[in-house]
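# Structural description and commentary
Chain by chain, the residues run as shown.
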Amino acid sequence: MKSAVETLNPTRVRLTVEVPFDELKPSLDAAYRKINQQVQVPGFRKGKIPARVIDQRFGRGAVLEEAVNDALPKFYTEAVNEGELTPLGQPDVDITELKDNETLTFTAEVDIRPELEIPDFSGIEVTVDAVEVADEDVDKAVEQLRERFATTTVVEREAADGDVVKIDLEARVDGELLDDGVAQGVNYTIGSGQMLDGLDEAVIGLAAGGTATFTSELRGGSGAGSEAEVTVTVESVSSRELPELDDEFAQLASEFDTLQELREDSSRRLADERRYQQATEAQEKVLDALLELVEVPLPEKLLAEEIKTRKHNLEHHQLPQLGMDLDAYLKLQEKTAEEFDDELKEQAEKGIRTQFVLDAIARRDELNVSQEELTEHLVRRAQSSGMSPDQFAKAVVEGNQVSMLVGEVSRGKALASVVEAATVRDSNGELVELDDDENADENAAEGSADAVAEAVEANEAAAAGESTEAKPNES
């Protein structure tokens, strides 16, 4: 077999493969065996029909077609390996010449990973928010904890701000009651703003049995984004009583003996949370700066498929769980279809570019993944998916996604190396020392539109297409 590679553009090549006919013999023999098991010829036992009889009765062309279809994946894979290519997706194959007992020639066009020049990224500098916890922040955290320990008592009076009301709701759009527009026995804290705009004003002043009607834009369900006429009926009114902020409350709400200890712990927790947010912000900004330094040509077919996959997942998986369709979502987001498509394309482009660049760094720096690192990553992914590690591992193996997980870890290590080389300062001008984050690889693998977080989807699409064992599609 002889093969030649022609570069069509930085992300696409054409392979031309010439195969001597004797190399087709194993596939020809297999074709005769297969046809032997599928047909019957009077005077011959099934499976014992001579090749010449099959040629006479069914045509040599049918045998050749079966043999070529069987042999193409093997020859394509050999040509890919000879050319040291990294294909993305399925090739477009065209059989240009097939001479019986002489030669088979075919071409295969396929997208490939672009060769990237990774520049020196040690000069990257970014600024992130400083980690600051004010007394007001601690006050708010303690107050939120206090709210959780509030008690309620049913009262015989009109509802006021801060009360808890049990209510029934009916929503109508254009006079029609929505199928999912009825809710009964809902507890709502007046002033929380956690339901419909206008609800607070409607229920304040109503006693048990009182009814009011108001208009509001629905946030979810079949009428999401639509103006609805909502009728609310108050079943009961309850006053809320908050516990006193003292040592007794600290003992009730925590493991601490004093309110001061509780406040100090809240301050520490807020600082830890903001340090994590700071590290995430640093990763995102360093990644953005890195992508600015690297020119990354994008394979058109891979990009189109990634956009299609993202849109499909949103329309058929994410939005239905929220009880809305794409039109309702766009209305809620105040976006046109064109703006949505542009944003989706931008996200997909960034996700693919992120994957390519971090993969290139991982290969250049030989950032191999140990079994221990892979296991730790698998456990974290299992936890985030709500599955046990055994269940998640089984799903990964059955879905042939082990290489995807390995890629996630190596990309995480690549991003960590870039962040480590960068200069990170906070908004006060102070240098920020980022501790090793055990979730860094998680962040690096799972992001796309906002920094690293969506790269995993592009990764899944590319990983699924990188197998050179896949059978080519004839055109």
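Thresholds applied
- Residues numbered from 1 in each chain as written.
- Predicted model: local features only at pLDDT ≥ 70, side-chain atom pairs only at ≥ 80, totals over all residues.
- Heavy atoms only, no water.
- Helix = DSSP H or I, 4+ residues; strand = E, 2+ residues; numbered from the N terminus.
- Rg over C-alpha atoms; globule rule 2.2 N^0.38 Å.
- Buried < 20%, exposed > 50% of the residue type's maximum accessible area, 1.4 Å probe, protein only.
- Contact = heavy atoms within 4.5 Å.
- Areas by Shrake-Rupley, 256 points an atom, 1.4 Å probe, with all protein chains shown as cover.
- Lys, Arg positive; Asp, Glu negative; His and termini not counted.
- Charge placed at Lys NZ, Arg CZ, Asp CG, Glu CD.
- Pairing = 2+ DSSP bridges.
- Phe/Tyr/Trp six-rings, centres within 6.5 Å; stacked < 30°, edge-to-face > 60°.

Before going further, it helps to examine the overall build of the protein chain. From N to C terminus, the protein chain includes 15 helices and 12 strands. In terms of C-alpha radius of gyration, the protein chain reaches 32 Å, well past the compact-globule figure of 23 Å for 475 residues. Taking the principal axes of its C-alpha atoms as reference, the protein chain extends roughly 100 × 60 × 40 Å. Counting across all 475 residues of the protein chain, residues that qualify as buried make up 40%. Sequence separation of 24 or more characterises 69% of the internal contacts of the protein chain that already satisfy a separation of 6 or more. Split by element, the accessible area of the protein chain, about 26,200 Å² in all, is 44% carbon and sulfur. Here the protein chain holds 47 positive side-chain charges and 106 negative ones, and the gap between their average locations is 11 Å.

Taking every second residue as pointing to the same face, the buried face of strand E5 (residues 125-128) carries Val126 and Val128, while none of Glu125 and Thr127 on the other face is buried. Sheet topology places E5 next to strand E11 (residues 423-426); 4 bridges connect them, and they run parallel. Within the sheet, the bridge partner assigned to Glu125 lies in E11 and is Thr423.

Our next topic: the packing of aromatic side chains. Scanning the model with the defined rule gives 2 aromatic pairs in all. Ring centres of Phe149 and Phe249 lie 6.1 Å apart, and the angle between their planes is 85°; on these two criteria the pair is classed as edge-to-face. With Phe149 in the loop between helix H4 (135-148) and strand E6 (151-155) and Phe249 in helix H6 (residues 247-253), this pair connects stretches of sequence that are 100 residues apart. For Phe249, a relative accessible area of 2% corresponds to the buried category. Plain terms: the ring middles of Tyr329 and Phe340 are 6.3 Å apart, the flat faces sit at 80° to each other, and that makes the pair edge-to-face. Of the two residues, Tyr329 sits in helix H9 (residues 326-333) while Phe340 sits in helix H10 (residues 337-364), which places them 11 residues apart along the sequence. On the basis of relative accessibility, which here comes to 18%, the residue Tyr329 falls in the buried class. Overall, the relative accessible area of 5% leaves Phe340 in the buried class.

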